[in-house]
Amino acid sequence: MAMQENMQQVYQRLRQAANRAHVPWEAITLVAVTKSVPGSAIEQAWQLGIRHFGENRVQEALPKISSLPPGITWHFLGHLQTNKVRHVVEHFQLVQSLDRMKLARALQKEGEDRGKVIQVLLQVNIGDEKSKSGFHPDEIEDVLVEISTFSHLRVLGLMAIPPYFPDAEAVRPYFRKMNGLFRQICIPNVQMEYLSMGMTHDFEIAVEEGANMVRLGTALFGERAD
Ligand SMILES: *Cc1c(COP(=O)(O)O)cnc(C)c1O
């Protein structure tokens, strides 16, 4: 069974990277990214013990979520339009892609309406790329101070998608910069738990540089058609 082999390889690589980083590998949360992956494969990954799953498109995710076990922790990873906030608040447990204040206000309002505190990560545009969304690293402190006053939003950490380089080693300085940012944050009522960075191409380097949440699609489910 290909998925089981993929998983064993991923776990082994994670363990080795965690060893190099001198952290227990159990402290690293593996999020299986299931965009374009059918529900049957998600079910299989769940049977094999994966508990965190991530999707980046609301329309694609909703039917899958409703057909899968309720114990799954769903992470939202994509650019979220404010008119879809309602669905995400209802079905996802962590929004990793809070990338602008307008979205923060929309989530806060939805949380108030439902009496629900929404857990989020701030997305950081660590490479300052035009093609990517997220807050500029220099804004993070001010954004956190502001959001810490929101009654129904709880920031649990930072997420980044660094620039792509064919040689994954070239991305290390961006991961290091993220970790520096993550560690220096010291704001009352803000607890930084998760540093979400690292995908199939570069997750070992991310872990070496302090990631404690990695988001893997291809390594688990194979190449996507898209
Ligand atoms: C698709 C995606 C991933 C996983 O990418 P792979 O390279 O297949 O591991 C991780 N994070 C986000 C935000 C994604 O959209």
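Because the structure is a prediction, the values reported are computed rather than measured.

Hey, could you go over the pattern of salt bridges for me, with residue numbers and the actual values?
Under the criterion given, the structure shown has 14 salt bridges. One salt bridge connects Glu60 with Arg57, and the closest N-O pair in it is separated by 2.9 Å. Between Glu209 and Arg172 there is a salt bridge, and its shortest N-O distance comes to 2.7 Å. A residue pair is termed long-range when its members are at least 10 positions apart, and Glu209 in the loop between helix H8 (203-208) and strand S8 (213-216) and Arg172 in helix H7 (residues 172-184) qualify at 37 residues. Here the two residues Glu209 and Arg172 agree in accessibility, since each one is buried. Residues joined by salt bridges that share partners form a network here, namely Arg20, Glu169, Arg172, Arg176, Glu208 and Glu209.

Before we move on, can you summarise the side chain of Asn125 with the specific residues and values?
Mapped onto the elements of the fold, Asn125 is located in the loop between strand S5 (118-124) and helix H6 (140-147). There is a polar contact of 3.1 Å between the side chain of Asn125 and the backbone oxygen of Lys132. Residues contacting Asn125, with those up to four places away along its chain left out, are Lys132, Ser133, Gly134, Phe135 and Pro137.

Requested: an account of the side chain of Glu55, with residues and values cited.
Among the secondary structure elements, Glu55 is positioned in strand S2 (residues 52-55). Leaving out residues up to four positions away in the same chain, Glu55 has contacts with Thr34, Lys35, Ile42, Glu60, Ala61, Lys64, Trp74, His75, Phe76, Leu77, Gly78 and Phe92.

Thresholds, definitions, all that
- Residues numbered from 1 in each chain as written.
- Predicted model: local features only at pLDDT ≥ 70, side-chain atom pairs only at ≥ 80, totals over all residues.
- Heavy atoms only, no water.
- Salt bridge = Lys/Arg side-chain N within 4 Å of Asp/Glu carboxyl O.
- Helix = DSSP H or I, 4+ residues; strand = E, 2+ residues; numbered from the N terminus.
- Buried < 20%, exposed > 50% of the residue type's maximum accessible area, 1.4 Å probe, protein only.
- Polar contact = N/O pair within 3.5 Å; in protein donor to acceptor, adjacent residues only side chain to side chain.
- Contact = heavy atoms within 4.5 Å.

Note that all results are geometric; they support no functional claim without further evidence.
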